[in-house]
2 protein chains.
Amino acid sequence: MSFVAKPQSMSFEQPLLLQSGATLHSYQLSYETYGELNADKSNAVLICHALNASHHVAGVYENQTNSEGWWDSMIGPGKALDTNRFFVIGVNNLGSCFGSTGPMYQNPQTGKINGADFPVVTVEDWVASQERLIQALGINKLAAVMGGSLGGMQALSWTLQYPQQVEHAIVIASAPNLTAENIAFNEVARRAIVTDPDFHGGHFYEHHVLPQRGLKIARMLGHITYLSDDVMNTKFGRALQNGDSYQYTTQDIEFEIESYLRHQASKFSEYFDANTYLLITRALDYFDPARHYGGNLTMALAKARAKFLLVSFTTDWRFAPSRSREMVKALMDNKLLVTYAEIDAPHGHDAFLMEDARYLAIIRNYFDRIAQTIQEASE
Amino acid sequence: MSFVAKPQSMSFEQPLLLQSGATLHSYQLSYETYGELNADKSNAVLICHALNASHHVAGVYENQTNSEGWWDSMIGPGKALDTNRFFVIGVNNLGSCFGSTGPMYQNPQTGKINGADFPVVTVEDWVASQERLIQALGINKLAAVMGGSLGGMQALSWTLQYPQQVEHAIVIASAPNLTAENIAFNEVARRAIVTDPDFHGGHFYEHHVLPQRGLKIARMLGHITYLSDDVMNTKFGRALQNGDSYQYTTQDIEFEIESYLRHQASKFSEYFDANTYLLITRALDYFDPARHYGGNLTMALAKARAKFLLVSFTTDWRFAPSRSREMVKALMDNKLLVTYAEIDAPHGHDAFLMEDARYLAIIRNYFDRIAQTIQEASE
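Presented here is a report on the structure given in the accompanying data block. (Residues numbered from 1 in each chain as written. Chains lettered and ligands numbered in written order. Predicted model: local features only at pLDDT ≥ 70, side-chain atom pairs only at ≥ 80, totals over all residues. Heavy atoms only, no water.)

A look at the side chain of N92(A)
Its location among the elements puts N92(A) in the loop between β8 (87-91) and α1 (123-136). Once residues lying within four places of it in the same chain are set aside, the contact partners of N92(A) are L29(A), S30(A), H49(A), A53(A), S54(A), H55(A), C97(A), F98(A), G99(A) and S100(A). (Helix = DSSP H or I, 4+ residues; strand = E, 2+ residues; numbered from the N terminus. Contact = heavy atoms within 4.5 Å.)

Here it is in C-alpha cells:
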C-alpha cells in the first residue's frame, strides 16, 4: 500500500498567451505534491505527463482501491525518486480532462462547455503554465523536471524556455520531434474520432453523446504502438480466445489479443475526453524545437543550461533509441553534461512506466547524486 | 505502354467444401492470362494476390488509361517474368470484390446480396479454388506459383496442399503466420469498419449506404504499416501542407503525410468492399500451417516437394526478414532446394511491388533457370 495523495487545484487569473496566438483569459491547474519543500526550496521535482495520464502521479486516494498514481512504481517514500528527500509536483496539463482547464469544462465567460472551441495548446504552452504554478508554490528553480514520452518533450522544453530555472532534466523514452510515421498514427486516431458521427465537430457534449467508437479505435491503435512486437508475442502470441479451434468469424473475437485490445479500448472510452485526445496528439505532432533553426537541433538546444539524464529502451519503436541519441549528440555539441542509458527491455514504449530494476536503479542513482548536492549546498 | 489484357470469368458448379465446414455450392472466378501455354503445358505460372489486389496482374485494359495491372513492373513481354516464355495466370480470390464470387454479389439461390452471409474463406480455400481453375485450363502442374505478402502465403500453401502440382514456389515478403502485432493491426481495421454505423452488421447494401468512414480508417492504418519509417521520413518528413507556419488545428490537415493518407483512403473507400476487407484480413490471421504440428514449422512443411525462392526486404516490419528466415530454415530442415534473397530496400513491405533493379534481377534469373529447364525437357 502506498501513501495517501490529495489532489489540489490552483486558479490563474493572469491571461496566458498561447503559441497559436489565442489567449486563455484565466485557467485552473489540477496538481498534487508529495514530500516536503526544504527551507532552501531547492528540492522540488516537477513530473510532466504523457498522453493519457494526469497530475495523479504517485500514491493512492483515500478509500479508493486501485487508485495508484501512474508512476507510483517510481515515486514515493524510499523509491527511486524518494519523496522523503524531494518535493515532487504532478500537474495535469491544460486541455486535458482531469480537472485542469480543457475542452470538457465550462467556459466561465460563456457558460458553455468549451468542446472544440478550446484553443490548441502546445508543449511550450504547457511549460509556460507549469512555470506559473511553480512560481506560485514559491519555487524559483527546480532541482529537476522529469517526464517520459510527451512528458520528456516538456522536460526538454523547460530547459529551453526557462534555462535558469532547471538544474536537471530527465528525459525518458522521448524524441526531439515526431517522425512522419508517428504523425501518421496520430492522424489515424484523430480521423477515427472526428469521423465518428457522435463527434459533432467536437460539440458532442451538447448532444449528450460521446464519440466512443472513435475513441476506442484510437486507443486500440495507440496501445499497439506502445508495445513491442516481442512483448505481444510473449504475452498473447496467436492464442485463441475460446479453446483451440478457429470459430471462423470476422466480426467476433477469435484471438486473445483482440479481446485484450477491445477491453482496454472500452475502459479508456469511458473516461477519456475525445477533444483532449485530439489536442494532446496535436501537441505531440507540433513539438519540434529545431524548427526555427532549419532543423539544426544543436543550435536549438544551445539555450539549455541544465544537466541531463536521457533514457531509452531498445524495443521502443515509437520513440526509438536513435531519437534519444540525436538529443544526446546535440546536447554534447553544446558541451552540456549528459548521462545516457539505453536499456535492453522487451516492453516497447511502455517500458518507461514499468518496474525494471536496471531502469529504476539508474533513476535512483541520478537522484541520489542530486540529493547529495542539495545536502552539501545547505550545509 | 504495356500489352492489352482481357479479363475472363469461369463458373464452377461443383460444390467447394470450405475449411470452416461451410460449402460454396457454386462459384465464379475472374482471371486473366498472359502469354501462351506451351504444347507440354509445362510453362504455366500462377500469380496469387494480396489484400486489395485482383486478377488484373499485368497489362492494361483497352482504351482505359491508368489501368496497369498491379504487378506490371514484374510481368510482361521481356520482363522479369517474361510472358513471351511463360503462360501467366492471375486470379481474383473468392470473397474479393473484383468479379469472383464474394460478399458484394448476389447469391443465385436467394437472389439477395451475400453481404456478411458470405462464408469465411481461408488461404487453403483459395488454393483449392485456384487448383480447379488450373485443372480447367488443362494444366496438371504449375511451373511456378508466385505471390507477395498474403500471396506468398498462398504460394506456400500450394506446395503443401498440392505438392505434386508445383515445380517452384516464389514466396515474397511473406510469413508462415501473422504475429500478435499484425493480428492486432488487422483487428483495429476491422473494428473501424464493423463499428461504422453504416456497416449494418455487414448488410449495408440493403440500406444503400457504404461504411466508408470505417474503410478509410482501415486503409490509412494499413498504408502506414506497408511503408517504412525511413521512406515516410524521406517522402514526407515533417513537411507542412500549407506554407511553413503551423495553422494550429486538430481537425484540419496540417502535415503533408496527413493529406496523402486521407487521399489514399478516400480513393480506396470508393471501390473496395468492406466485407471483403474483413474476410481477407481474417484469412491472413488464420493462415498458420504449423498449427496442427504444435507450432513446428519444419514438420508442417515436410509435405512440400517444390523448389523455393524466398525474398524479403530489410525495412519490411510487417513481414520482417526474420519471418522469411524461419521458412528458409524449415524448408532446409526438410532438405528442399531453397534460394533466399534479403534485399536492403528502403520501401518497407511495399517493396515487393516496387521496381527495384536488384529485386527484379533475382526474379528474372530465377525464371531464366526455370525456362531453361522447360526448354531442355521439351527438346
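What to know about helix α2 (residues 150-161) of chain B
All names here are of chain B. Taking 1.5 Å per residue as the helical rise, α2 with its 12 residues ought to reach 16 Å, and the 16 Å between its terminal C-alpha atoms agrees with that figure. Summarising burial for α2: 11 of the 12 residues are buried, a large majority. For α2, the full list of buried residues reads L150, G151, G152, M153, Q154, A155, L156, S157, W158, T159 and L160. (Expected span 1.5 Å × (residues − 1). Buried < 20%, exposed > 50% of the residue type's maximum accessible area, 1.4 Å probe, protein only.)

Observations concerning the relation of the copies chain A and chain B
In this arrangement, two copies of a chain are superimposed by a rotation about an axis accompanied by a shift along the axis. Once chain A has been moved 0.0 Å along the axis and rotated by 180 degrees, it coincides with chain B to within an RMSD of 0.0 Å. Expressed as a symmetry operation, the mapping of one chain copy onto the other fits a two-fold axis. Mapped onto chain B, 100% of the interface residues of chain A again fall at the interface, so both copies present the same surface. (Least-squares fit on C-alpha atoms with pLDDT ≥ 70 in both.)

A look at unusual backbone geometry
The phi dihedral of N63(A) falls on the positive side, at around 60 degrees, and the residue is not glycine. Mapped onto the fold, N63(A) is located in the loop between β5 (44-48) and β6 (75-76). Look at N63(A) and you get exposed, because its relative accessible area is 79%. With a phi close to 60 degrees, S149(B) is a non-glycine residue in the positive phi region. Within the secondary structure, S149(B) sits in the loop between β9 (142-148) and α2.

Side note on empty space enclosed by the protein
Counted under the stated rule, the structure contains three cavities of 30 Å³ or more. The volume enclosed by the largest cavity comes to roughly 120 Å³. As for the largest cavity, its lining consists of 14 residues, and the residues nearest its centre are A192(A), T195(A), A192(B), T195(B) and D196(B). Only α4 (212-226) of chain A together with α4 (212-226) of chain B provide two or more residues apiece to the lining of the largest cavity. Partitioned by chemical class, the residues of the lining of the largest cavity number six nonpolar, four polar and four charged. (1 Å grid on protein atoms, 1.4 Å probe; cavity = no way out; pocket = protein on both sides within 12 Å on 5 of 7 lines; lining within 4 Å. Points joined across faces, edges and corners; volume = space filled by probe spheres on them. Nonpolar A, V, L, I, M, F, W, Y, C, P; charged D, E, K, R; others polar.)

Considering the pattern of salt bridges
Taken as a whole and judged by the stated rule, the model has 36 salt bridges over all chains. Where R238(B) meets D288(A), a salt bridge forms, and the shortest distance between an N and an O atom there is 3.1 Å. In this pair, R238(B) is assigned in the loop between α5 (229-235) and α6 (256-271) and D288(A) in the loop between α7 (274-286) and α8 (297-300), connecting two distinct chains. Each member of the pair, R238(B) as well as D288(A), is classed as buried. Through salt bridges that share partners, E187(A), R190(A), R282(A), D285(A), E258(B) and R262(B) make up one connected network. (Salt bridge = Lys/Arg side-chain N within 4 Å of Asp/Glu carboxyl O.)

Concerning the interface of chain A and chain B
By a widespread convention, an interface's size corresponds to the accessible area lost as its parts come together. With 62 residues of chain A at the contact, the number on the chain B side is 62 residues. Across the interface of chain A and chain B, roughly 5100 Å² is buried in total on both sides, 62% from carbon and sulfur atoms. The interface formed by chain A and chain B includes eight salt bridges. Linking chain A with chain B are 34 residue pairs in polar contact (both at pLDDT 80 or more), by the criterion used here. (Buried area = accessible area lost by both parts, 1.4 Å probe. Polar contact = N/O pair within 3.5 Å; in protein donor to acceptor, adjacent residues only side chain to side chain.)

A look at the packing of helix α3 (residues 180-194) of chain A against α7(A)
Residue and element names in this part refer to chain A. Axis separation between α3 and α7 bottoms out at 10 Å; the angle between their running directions is 160 degrees. In terms of their interaxial angle, α3 and α7 are classed as roughly antiparallel. Here the hand of the crossing between α3 and α7 comes out left-handed. Seen from α3, the contacting residues are I183, N186, A189, R190, I193 and V194; seen from α7, they are A274, Y277, L278, T281, R282, L284 and D285. Taken together, the residues of the contact of α3 with α7 sort by class into eight nonpolar, two polar and three charged. (Axes fitted to C-alpha atoms, helices over the stretch in contact; angles between N-to-C directions. Parallel < 35°, antiparallel > 145°, perpendicular 65-115°, else oblique. Left-handed = near helix turned anticlockwise from the far one by under 90°.)

Examining the packing of aromatic side chains
The full count for this structure, using the stated rule, is 48 aromatic pairs over all chains. Relative to Y34(A), the ring of F3(A) has its centre 5.4 Å away and its plane inclined at 70 degrees; by these criteria the two rings are edge-to-face. One end of the pair, F3(A), is in the segment before β1 (8-12); the other, Y34(A), is in strand β4 (residues 27-34), and 31 residues separate them in sequence. According to the relative accessible area criterion, F3(A) is partly exposed, its value standing at 21%. According to the relative accessible area criterion, Y34(A) is buried, its value standing at 2%. A connected cluster of aromatic rings, assembled from ring pairs, spans F98(A), F268(A), Y271(A), F272(A) and Y277(A). R291(A) extends its terminal NZ or CZ atom over the ring of Y246(B), reaching a point 3.6 Å from the ring centre. (Phe/Tyr/Trp six-rings, centres within 6.5 Å; stacked < 30°, edge-to-face > 60°. Lys NZ or Arg CZ within 6 Å of the ring centre and 35° of its normal.)

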